[in-house]
Amino acid sequence: MIRSLLRRVFSRGSTKPKVIAFASHGIAAASISQCARRVVEALQGHGFKAFVVGGAVRDLLLAKHPKDFDLATDAHPEQVKGVFRRSRIIGRRFRLVHCMCGNETVEVATFRRGHDQEEDAAGHTDEHGRLLRDNVYGSQPDDAARRDFTINALFYDPATQEIVDYHNGWADLKKKQLRMIGDPDIRYREDPVRMLRAVRFAAAYGLEIEKKTLAPIRPLAPLLQNVPPARLFDEMLKLLLSGHATQCVTRLRREGLHHGLLPLLDVILEQPLGERFVMLALNTTDVRILEGKPVSPGFLFAALLWHEVLATSKKIREGGMAPMPALFLAMDQVLDTQTAKLAIPRRYTTDMKDLWALQQRLENRTGRRPFRVLEHPRFRAAYDFLQLRCDCGELEAEVGDWWRRFQQASAHEREGMLLREGDAKRRRRRRRKPSTAQAQPDAPV
Ligand code: ATP
Ligand code: MG
């Protein structure tokens, strides 16, 4: 017991932290949301410790706008609730408190500690070292040590405007270095998702992953298989919506992490057209996010998997099935392979299927069909998707151009734009000619 305590104390940094004054770091209490300040004040007023912790402190030091303000305290959940009335205890495995002021909610977590090897033997980890339970209260240094990277383990006290730093996170941040707390090999085994977080933070904040922190990632990448698919989806979404999806996906591939996430990505990126399409979709997403525009996860996943849907439906058609049923079968097959690894929630897969199915309908511009497609609730997204296909050279630019004009045209002009059956056939024949083969390896469904 004493041995394990000593190991805990000495293996993951010091219990005596550095205290960084406002004069050095320059983060004023006013940068913290009002609600977070109120909760901290209330807890400290009752004699408890309370700090802003984690991502918010890191983001402020990087001059980014924090998404939310999480607090850490030595008060237990019931005590937090006693101090701050407008709150509720959530979570079963590890209980947190949500404190509400107006429409802002601040999450308050009691200091807790990681685990040690004696606890491994007691069944707190699986056979690969994955942490199954981490719900033991601890001290402030314990709480710092159980966090993943040094830059995520900084405590900020709005009352004194000081940062409490147990693991040299501030120095790392200044050096633009991402460093794991403790032994990286053990920490990735405890929670393989930390490998994805490493890639995301490095790409999103332009950090260098420290050598020892980087080294185990490639060999341990297969451990992602043991992570529940729903948790992988959440992390993947964070990564894709980070505003740096292009770099994140490139880095995931470099580290061999994508096998466990997007098993089909290798096949898709092997074809120049597939690679162009995926990269263009990621880039468009990054630009939209940086401009503060909304991005739909369904659209993004539909884009990531589109070329596999195309290739699969082509194979099925070669077996003699008609185009539309072949497309639907391909969609299901691709989604089955994908969701075995990473569970895309049904609300998104429904969007994805709509988008994919509408592609075929958008290509068919004869008769009254374009009018019906125009009225479809997902038309706008499907048109954007079509435009991406044109931009990467999979589809003739003329198709996207036609739809742009069709949307802007008057009712009378629209009638004149409709293609006749014969036009459509001629167009299809022209597209099949070898001269336009560049756009044909996985021709439209
Ligand atoms: P972001 O919100 O941008 O994803 P974040 O660092 O705030 O970044 P959260 O998931 O909100 O990430 O977690 C809050 C804090 O909890 C982190 O800063 C880190 O200290 C700790 N943390 C989160 N995930 C892990 C993990 N898998 N292992 C150890 N500590 C973690
Ligand atoms: Mg956060």
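In short, a report on the structure. The structure presented is a predicted model; accordingly, all values stated were derived computationally and were not measured.

Structural notes on the packing of aromatic side chains
Okay, so step 1: Per the counting criterion, the structure on display carries 17 aromatic pairs.
Okay, so step 2: A ring pair is formed by W306 and F385, whose centres lie 5.6 Å apart and whose planes are at 90°; its orientation type is edge-to-face. In this pair, W306 sits in helix α17 (residues 297-318) while F385 sits in helix α21 (residues 379-391), placing the two residues 79 residues apart along the sequence.
Okay, so step 3: Owing to a relative accessible area of 0%, F385 belongs among the buried residues under this scheme.
Okay, so step 4: Its guanidinium or amino end placed over the ring of F94, R112 lies 3.9 Å from that ring's centre, counting from NZ or CZ.
Okay, so step 5: Between the NZ or CZ atom of R347 and the centre of the ring of Y348, over which it lies, the distance is 4.6 Å.

Comments concerning the sheet that holds strand β4 (residues 87-90)
Okay, so step 1: The strand order across the open sheet formed by eight strands is β1-β10-β9-β2-β3-β6-β5-β4, and the pairing between neighbours is mixed. The open sheet terminates on both sides in strands that have one partner only, identified here as β1 (18-20) and β4. Averaged over all adjacent pairs, the angle separating strand axes in this sheet is 30°, with direction ignored.
Okay, so step 2: With four bridges joining them, strand β2 (residues 50-53) and strand β3 (residues 70-73) adopt antiparallel strand pairing.

Here's the deal with helix α10 (residues 193-205)
Okay, so step 1: Taking 1.5 Å per residue as the helical rise, α10 with its 13 residues ought to reach 18 Å, and the 18 Å between its terminal C-alpha atoms agrees with that figure.
Okay, so step 2: Within the sequence span of α10, burial applies to V193, R194, M195, L196, A198, V199, R200, F201, A202, A203, A204 and Y205.
Okay, so step 3: Phi for G206, located one or two positions after α10, is positive at around 60°.

Brief notes about the pattern of salt bridges
Okay, so step 1: Within this structure, the stated rule accounts for 22 salt bridges.
Okay, so step 2: As a salt-bridge pair, D172 and R179 come within 2.9 Å of each other at their nearest N and O atoms.
Okay, so step 3: For D172, a relative accessible area of 2% translates into the label buried.
Okay, so step 4: With a closest N to O distance of 2.5 Å, R404 and D401 form a salt bridge. With R404 and D401 both in helix α22 (residues 397-408) and three residues apart, the pair spans about one turn of that helix.
Okay, so step 5: Overall, R404 belongs to the partly exposed group, its relative accessible area being 35%.
Okay, so step 6: Here D401 falls in the partly exposed class, since its relative accessible area comes to 32%.
Okay, so step 7: By sharing partners, the salt bridges in this structure join D143, R146 and R147 into a single network.

What to know about the state of the cysteines
Okay, so step 1: Counted by the stated rule, this structure contains one disulfide.
Okay, so step 2: Paired by a disulfide, C35 and C101 hold their sulfur atoms 1.9 Å apart. Of note, the bridge from C35 to C101 carries an S-S torsion of about 75° and is right-handed in sense. Taken together, the residues C35 in helix α3 (residues 34-45) and C101 in strand β5 (residues 96-101) connect sequence positions 66 residues apart.
Okay, so step 3: A relative accessible area of 12% places C101 in the buried class.
Okay, so step 4: Lacking any disulfide linkage, C390 is separated from the closest cysteine sulfur, that of C392, by 8.5 Å.
Okay, so step 5: Taking relative accessible area as the criterion, C392 reaches 3% and is therefore assigned buried.

Some remarks on the pairing of strand β10 (residues 162-165)
Two faces make up the sheet, and in a regular strand the side chains alternate between them.
Okay, so step 1: Summarising the sheet, β1 and β10 pair through three bridges and their orientation is antiparallel. By the bridge assignment for β10, K18 is matched with D165.
Okay, so step 2: The sheet contact formed by strand β9 (residues 154-157) and β10 spans four bridges and is antiparallel. Of the residues in β10, the one forming a bridge with F155 is V164.
Okay, so step 3: Remark: four residues form the turn of the hairpin made by β9 and β10, two consecutive strands paired antiparallel; Q161 in that turn has positive phi of roughly 60°.

Rules and cut-offs
Residues numbered from 1 in each chain as written. Chains lettered and ligands numbered in written order. Predicted model: local features only at pLDDT ≥ 70, side-chain atom pairs only at ≥ 80, totals over all residues. Heavy atoms only, no water. Phe/Tyr/Trp six-rings, centres within 6.5 Å; stacked < 30°, edge-to-face > 60°. Helix = DSSP H or I, 4+ residues; strand = E, 2+ residues; numbered from the N terminus. Buried < 20%, exposed > 50% of the residue type's maximum accessible area, 1.4 Å probe, protein only. Lys NZ or Arg CZ within 6 Å of the ring centre and 35° of its normal. Pairing = 2+ DSSP bridges. Axes fitted to C-alpha atoms, helices over the stretch in contact; angles between N-to-C directions. Expected span 1.5 Å × (residues − 1). Salt bridge = Lys/Arg side-chain N within 4 Å of Asp/Glu carboxyl O. Disulfide = S-S within 2.5 Å.

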